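Here is how the chains run, residue by residue.
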Amino acid sequence: MYICDACVGLCQRILTGKPTAAFASWQSMTDEELLDALPAAEAAVHATAEKLHEHVDMLRARNVSWERIATALGVSRQAAWERFSREN
């Protein structure tokens, strides 16, 4: 399985929190092509979510506070805890 340079660039922009323009070719795809692309998109979302959880777990293992994690994510302390705590 391979990923094109354009997709790599888009992923890098997303992961660094930079705004991205709509992917122009979605409009040109057929319904079947869009449906065929869904499993890969879901897998990418799942993998990214898992990496984010691992990142937060590492910070918590280093005793970084929920407040600092929340600030880095731009959310409230409560929202960060509810999303990432393995206790809930």
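Conventions adopted
Residues numbered from 1 in each chain as written. Predicted model: local features only at pLDDT ≥ 70, side-chain atom pairs only at ≥ 80, totals over all residues. Heavy atoms only, no water. Helix = DSSP H or I, 4+ residues; strand = E, 2+ residues; numbered from the N terminus. Contact = heavy atoms within 4.5 Å. Axes fitted to C-alpha atoms, helices over the stretch in contact; angles between N-to-C directions. Parallel < 35°, antiparallel > 145°, perpendicular 65-115°, else oblique. Nonpolar A, V, L, I, M, F, W, Y, C, P; charged D, E, K, R; others polar. Core = buried A, V, L, I, M, F, W, Y, C linked by side-chain atoms within 4.5 Å. Buried < 20%, exposed > 50% of the residue type's maximum accessible area, 1.4 Å probe, protein only. Expected span 1.5 Å × (residues − 1). Bend = angle between axes of the 7 residues up to and from the residue. pLDDT = per-residue confidence, 0-100.

### Section: the side chain of histidine 53
Note on placement: histidine 53 falls in helix α2 (residues 31-61). Not counting residues up to four positions away in its chain, the partners in contact with histidine 53 are Arg83, Phe84 and Arg86.

### Points about the packing of helix α3 (residues 66-73) against helix α4 (residues 77-84)
Direction vectors running N to C along α3 and α4 enclose 95°, while the axes themselves pass 8 Å from each other. For the element pair α3 / α4, the angle class is roughly perpendicular. Two secondary-structure elements touch here, α3 through Trp66, Glu67, Ala70 and Leu73 and α4 through Arg77, Ala80, Trp81 and Phe84. Residues of the contact of α3 with α4, tallied by class, amount to six nonpolar, no polar and two charged.

### Focus on the nonpolar core
Counting residues in hydrophobic clusters, the biggest one holds seven residues: Val56, Val64, Trp66, Ile69, Ala70, Ala80 and Phe84. Among the elements of the structure, α3 and α4 are those that each provide at least two residues to this core. Top element by residues in this core is α3. It accounts for three residues. When residues no more than four places from it in sequence are discounted, the contact partners of valine 64 are Leu59 and Ile69.

### Quick notes on unusual backbone geometry
Of note, asparagine 63 is a non-glycine position whose phi angle comes to about 65°, a positive value. Residue placement: asparagine 63 occurs in the loop between α2 and α3.

### Description of α2
The end-to-end C-alpha separation of α2 is 45 Å, in line with the 45 Å expected for 31 residues at 1.5 Å each. At leucine 38, α2 shows its strongest bend, of approximately 30°, with the proline proline 39 following within four residues. Just past α2, the residue asparagine 63 takes up positive phi, approximately 65°.

### Regarding the confidence of the model for the chain
Of the residues in the chain, 90% have a pLDDT of 70 or more, and the chain-wide mean is 86. When pLDDT is averaged over each helix and strand of the chain, the minimum, 77, is found for helix α1 (residues 5-15) and the maximum, 97, for α3.

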